[in-house]
Amino acid sequence: MTQSLVFTAVGTDRTGILCDITELASEFGCKIIDSRMAILGNEFTLIMLLDGKKSALNQFETRLPLLAHSLQLLTISKRTSEHVPMDIGKTADIYISGPDSLGQLKKITRFFAKRKIDVSSLKSFTEESSQQAKSYISVNIPANIDIEPLEQEFNALCQSLDLTFEINTQAPLTL
């Protein structure tokens, strides 16, 4: 029987960190189920979900702090339940741009939270020279939500924030 472990790692970015972490997981027979990695400023950030036998995850958890110390990373790990595929009606990728203003992302993420729509990915940055905010959001839309009224409501929100957006919906991949 397999178990699951989720962990995060943060530290100054340098070449090879991801390679070292994936080698450690592989060394103990842990399967990488999902992961997200980003460089934020000068910082390497990673969150990863592993599955494996209890003994394999125990070994990984024992060795991760040693590896983290050698790579000057901060890590935290937590055992979690087995990954259960989500029941999604549609997914949507949304590209948003416009003048940067305080609270924009709060209003946008609240829009989705009030409608019980999960945000699965969010990437946002501001171009310093133009003060233009650009965001990429991926959401999982439940089957019981009608897309057309949702887009109209989102359009009204974006207009109130002086933002433009493009939305692409599709049938979901099995997660």
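Residues numbered from 1 in each chain as written. Predicted model: local features only at pLDDT ≥ 70, side-chain atom pairs only at ≥ 80, totals over all residues. Heavy atoms only, no water.

1. Quick look at the packing of aromatic side chains
Test applied: Here is the rule: rings of Phe, Tyr and Trp (six-membered ring for Trp) pair when centre to centre is within 6.5 Å. Planes less than 30 degrees apart are stacked, more than 60 are edge-to-face, and the remainder are tilted. Runs of E in the DSSP output that reach at least two residues are strands. Runs of H or I that reach at least four are helices, and both are numbered from the N terminus. Remark: exposure states derive from per-residue accessible area (1.4 Å probe, protein chains only) relative to the maximum for the residue type, with buried under 20%, exposed over 50%, and partly exposed in between.
A full pass over the atoms with the stated rule returns 6 aromatic pairs. Centroid distance Tyr 95 to Tyr 136: 5.2 Å. Interplanar angle 45°. Geometry classified as tilted. With a gap of 41 residues between them, Tyr 95 in strand S5 (residues 90-99) and Tyr 136 in strand S7 (residues 132-141) connect regions that are remote in the sequence. We classify Tyr 95 as partly exposed; its relative accessible area is 39%. With a relative accessible area of 26%, Tyr 136 lands in the partly exposed category.

2. With respect to the nonpolar core
Test applied: In these notes, a set of buried Ala, Val, Leu, Ile, Met, Phe, Trp, Tyr and Cys residues joined through side-chain atoms within 4.5 Å is what counts as a nonpolar core. Whether two residues are in contact is decided by their heavy atoms, any of which lying within 4.5 Å being enough.
The biggest cluster of nonpolar side chains holds 21 residues, and the ones touching the most others in it are Phe 7, Ile 21, Cys 30, Leu 50, Phe 60 and Leu 73. Sorting the residues of this core by element identifies strand S1 (2-12), helix H1 (17-27), strand S3 (43-53) and helix H2 (54-71) as the ones contributing at least two each. Sorting elements by how many residues they give to this core places H2 first, with 7 residues. Excluding residues that lie within four positions of it along the chain, Leu 73 makes contacts with Ala 9, Val 10, Gly 11, Ile 17, Ile 21, Phe 44 and Ala 68. In this structure, Ala 92, Ile 94, Ile 96 and Ile 147 belong to the second largest nonpolar core, which totals 18 residues.

3. Digging into the pairing of strand S6 (residues 118-127)
Put simply, the rule reads: When DSSP locates at least two bridges between a pair of strands, those strands are taken to pair.
Relative to S7, S6 runs antiparallel, the two sharing 9 bridges. Across the sheet, Glu 127 pairs through a bridge with Gln 132, a residue of S7. Count of turn residues in the S6/S7 antiparallel hairpin: 4 residues, of which Gln 131 carries a positive phi of about 55°.

4. Quick word on the sheet that holds S6
This is how it is decided: All axes are obtained by fitting lines to C-alpha atoms, using only the stretch in contact for helices, and the reported angles, taken between N-to-C directions, cover 0 to 180 degrees.
Pairing in this open sheet of 4 strands is antiparallel, and the strands run S6-S7-S5-S8 from one edge to the other. Looking at the sheet topology across the chains shown, the edges are occupied by S6 and strand S8 (164-170). Taken over all neighbouring pairs, the strand axes of this sheet differ in orientation by 10° on average, direction set aside. Against the sheet, helix H3 (residues 104-114) contacts S5, S6 and S7, and its axis sits at roughly 15° relative to S7. In the packing of helix H4 (residues 147-160) onto the sheet, the strands contacted are S5, S7 and S8, and the crossing angle to S8 comes to about 160°.

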